[in-house]
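Structural description and commentary
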Amino acid sequence: MATDSFIIKNGRIINNNSVVDMIGDVYVRKNEIISVGVPINTDCHDNGNVAVFDASQCLILSGLIDLHVHAYEYATPLGINIDKYCLARGVTTVVDAGSSGACTFPGLKKFIAERSETRLLCFLHIASHGLAAAGCSGFGAGGECDHLNQVDVNACTTTIAANQDAIVGVKVRLSADVADNGKHEEEVYRRALTAARKCNVPLMVHHTMSTIPVQDLAGRNGLSCPGNLDAGDVYTHTFHGYASSIIDPVSKTVLPAIHNAQKRGVIFDVGHGQGSFSWTAAEIGAKENFWPDTISTDMHSGNIHGPVYDLNLVMSRFLHLGMPLSKIISAVTSTPARVIGRTKTLGSLEVGREADITVLKIVDCDIILEDCQGQVRNIKKRFHPVAVWKSGRMFPIVNIDNCPNEKSRCNGVNEWDKLKVKDENKPSSL
Ligand SMILES: [Zn+2]
């Protein structure tokens, strides 16, 4: 029966920073949310011409938001098909993290955003060519900020001002190998901060193997990261174990600068990716009650078959670490909506809004799940996507059958020696 109306029944609705946590129904008519939580008698609505989805034992959530993905398929080596890897896994909105810069953004909009069912927004890279080729680990040496001619504040701010419907912030990668072996890093960072401040948008920073220190160092009169970030800026790849880790490798504690920055309102984002999630680092954080503000995947062509797989499995890692469920939900709904300035339209189930809705189930499992360097933990529960509606339209969920991927895990082990924060024993490889 084709109908514009549907009721999602008997699910646990967790919503709007968990202000709402109740068993109830969500009623949608013509892509508008009509009611949230109120029990609905199907016979009394739309003359009974209403589809019913039974969400018993499931969570009913606002459509999930993945704050860090690489969506520029075909134009950049990292790009993935977001409808296949995100929407089909329950994610209704993705934010591309700097795949495009001022010169290449029009293509991202015309060829990807306008042709995808998934809602696509983006952080604009401070480098005008974005991640067109350079600096993508595994795709060759060199980086997008090797020459400062490409790091054009004016081009960046002009493009943002003209595309506020699609661009939500500025992206920069602080890693010596993408800025002429670190020579330009500080200037690149300064320009990215300038562009973001001028446009009054957040700056998302990738900070991994950088010459910019995490904490201000005595006698050093320069920038630090997250020291120069403001409330609302995003520190992504929070739990990597490389040189610029948030963890002091000696004391095995989270650096004071990180706790202070979170208190100031800097957003700590997971950005799991191919190299940026270490079980060891995340466990040290968990011990100190240091949880990410946003949980994102950094999904790209190099990690969709492990170690990321999908957003649900990244959320599952934090469930395993003991992160409270309400915080996990906020980290993929209301908080990313706030970061991208979309609290009026996204991230919460509210009467009168467009119907972006995700139904998930927490299921028992027994899988060995790797981090980015092949370290493993035994996961006993995981999030599993059950249904998704984007703009009132239901899309099929496609289950993944590629996890765990032993080949991906063993590839990760090759990087283990580079880690500063890691387990006592090297994981096995093939
Ligand atoms: Zn990324």
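Every chain is numbered independently, its residues counted from 1 as its sequence is written. Predicted model: local features are reported for residues with pLDDT of at least 70 only, side-chain atom pairs are reported and counted for 80 or more only, and whole-chain, interface and lining totals are derived from all residues. The side-chain numbers reported here are obtained from all heavy atoms of the structure, hydrogens and water having been left aside.

Some points on the coordination of the zinc ion
Convention followed: For Na, K and Ca the donor cut-off is 3.2 Å, while for other metals it is 2.8 Å, and in both cases only N, O and S atoms qualify; water is not among them, so sites may look incomplete. When accessible area is computed with a 1.4 Å probe and restricted to protein chains, residues below 20% of their type maximum are described as buried, those above 50% as exposed, and intermediate ones as partly exposed.
Each protein donor to the zinc ion is listed here as His 68 (NE2), His 70 (NE2) and Asp 298 (OD); together their distances run 2.1 to 2.3 Å. Expressed as a motif, the donor residue spacing for the zinc ion is H-x1-H-x227-D. Judged by its relative accessible area of 1%, His 68 falls in the buried class.

Focus: the domain arrangement of the protein chain
Test applied: Those domain boundaries reflect an automatic or database domain assignment. Contact criterion: two residues are considered in contact whenever any of their non-hydrogen atoms come within 4.5 Å of each other. Computed with a 1.4 Å rolling probe, the buried area is the accessible surface lost when two parts are put together, summed over both parts. What counts as a salt bridge is simple: a side-chain nitrogen of Lys or Arg found within 4 Å of a carboxyl oxygen of Asp or Glu. The term polar contact refers here to a pair of N or O atoms within 3.5 Å; inside protein, the definition further demands a hydrogen-donor-capable atom paired with an acceptor-capable atom, and it admits residues adjacent in sequence only when both atoms are side-chain atoms. Here a strand is any run of E in DSSP of at least two residues, a helix any run of H or I of at least four, and the numbering for each starts at the N terminus.
On domain assignment, one finds that the protein chain holds domain 1 (5-60 + 355-362 + 383-401) and domain 2 (63-339). Listed by partner, the interface residues are 24 residues for domain 1 and 25 residues for domain 2. Of the roughly 1900 Å² buried between domain 1 and domain 2 on both sides combined, carbon and sulfur atoms contribute 62%. When the buried surface of domain 1 facing domain 2 is broken down by residue, Phe 383, Lys 390 and Ile 400 rank first, second and third, together holding 33% of it. For the interface between domain 1 and domain 2, the tally reads 2 salt bridges. The partner of Glu 117 in a salt bridge is Arg 393, and the shortest N-O contact between them spans 3.4 Å. Seen at the junction of domain 1 and domain 2, the total is 9 residue pairs in polar contact (both at pLDDT 80 or more). Those elements that provide at least two residues to the side of domain 1 that touches domain 2 are strand S1 (5-15), strand S15 (357-370), strand S16 (376-390) and strand S17 (393-395). It is S16 that contributes the most residues to the side of domain 1 that touches domain 2, 6 residues altogether.

Thoughts on the pattern of salt bridges
Across all of its chains, the model carries 22 salt bridges by this definition. Two residues, Lys 9 and Asp 25, come together in a salt bridge whose shortest N-O distance is 2.7 Å. Within this pair, whereas Lys 9 is found in strand S1, its partner Asp 25 is found in strand S2 (residues 20-29), the two being separated by 16 residues in sequence. Looking at Lys 9, the relative accessible area reads 18%, which means it is buried. The residue Lys 109 makes a salt bridge to Asp 165 at a minimum N-O spacing of 3.9 Å. Separated by 56 residues along the polypeptide, Lys 109 in helix H2 (residues 105-112) and Asp 165 in the loop between helix H3 (153-162) and strand S9 (167-174) bring together distant segments of the chain. The class for Asp 165 is exposed, based on a relative accessible area of 52%. Residues joined in a network through salt bridges with shared partners are Glu 186, Glu 187, Arg 190 and Arg 191.

Examining helix H4 (residues 185-199)
Threshold: Multiplying one less than the number of residues by 1.5 Å gives the expected span of a helix. This arc corresponds to the set of directions leading from the helix axis out to the C-beta atoms.
In this model, H4 (15 residues) spans 21 Å end to end at C-alpha, consistent with the 21 Å of a helix rising 1.5 Å per residue. Taken together, the buried positions of H4 are Glu 185, Val 188, Tyr 189, Ala 192, Leu 193, Ala 195 and Ala 196. The arc that holds every buried residue of H4, seen down its axis, measures 160°, which confines them to one face. In this fold, the buried residues of H4 make contact with H3, S9 and strand S10 (203-207). Remark: Asn 200 follows H4 within two positions and exhibits a positive phi of approximately 55°.

Let's talk about the side chain of Ser 408
With respect to the helices, strands and loops of the structure, Ser 408 is situated in helix H10 (residues 406-413). Under the relative-accessibility criterion, Ser 408 is labelled buried at 11%. Sequence-distant contacts of Ser 408, defined by excluding residues within four places in its chain, comprise His 305, Gly 306, Pro 307, Tyr 309 and Glu 370.

Some thoughts on the packing of aromatic side chains
To keep things clear, this is the line we draw: Aromatic rings from Phe, Tyr and Trp, with only the six-membered ring used for Trp, were paired whenever their centres fell within 6.5 Å, and each pair was classed as stacked if the ring planes differed by under 30 degrees, edge-to-face if by over 60, and tilted otherwise. Think of it as a cone above the ring: NZ of Lys or CZ of Arg counts as a charge over the ring if it is within 6 Å of the ring centre and within 35 degrees of the ring normal.
All told, the structure shown has 8 aromatic pairs when counted by the stated rule. Judged by centre distance (5.6 Å) and plane angle (50°), the rings of Phe 239 and Phe 318 are tilted. With Phe 239 in the loop between strand S11 (234-236) and strand S12 (247-248) and Phe 318 in helix H7 (residues 311-320), the pair connects residues that are 79 residues apart, well separated along the chain. Phe 239 sits in the buried class, given a relative accessible area of 0%. Within the aromatic cluster, the residues linked to one another by ring pairs are Tyr 235, Phe 239, Phe 268, Phe 277, Trp 279, Phe 290 and Phe 318. Of note, Lys 422 hangs over the ring of Trp 416, and the distance from its end group to the ring centre comes to 4.0 Å.

Examining the sheet that holds strand S14 (residues 267-268)
This is how it is decided: A pair of strands counts as paired when DSSP detects no fewer than two bridges linking them. Here an axis means a line fitted to C-alpha atoms, over the contact stretch when the element is a helix, while the angle between two N-to-C directions is reported on a 0 to 180 degree scale.
Read from one edge of the open sheet, 7 strands run S6-S7-S8-S9-S10-S11-S14, paired in parallel fashion. Because the sheet does not close on itself, it has two edges, and the strands there are strand S6 (64-69) and S14. This element, H3, spans strand S8 (119-125) and S9 of the sheet and lies at about 155° to S9. Against the sheet, H4 touches S9 and S10, its axis set at about 170° to S9.

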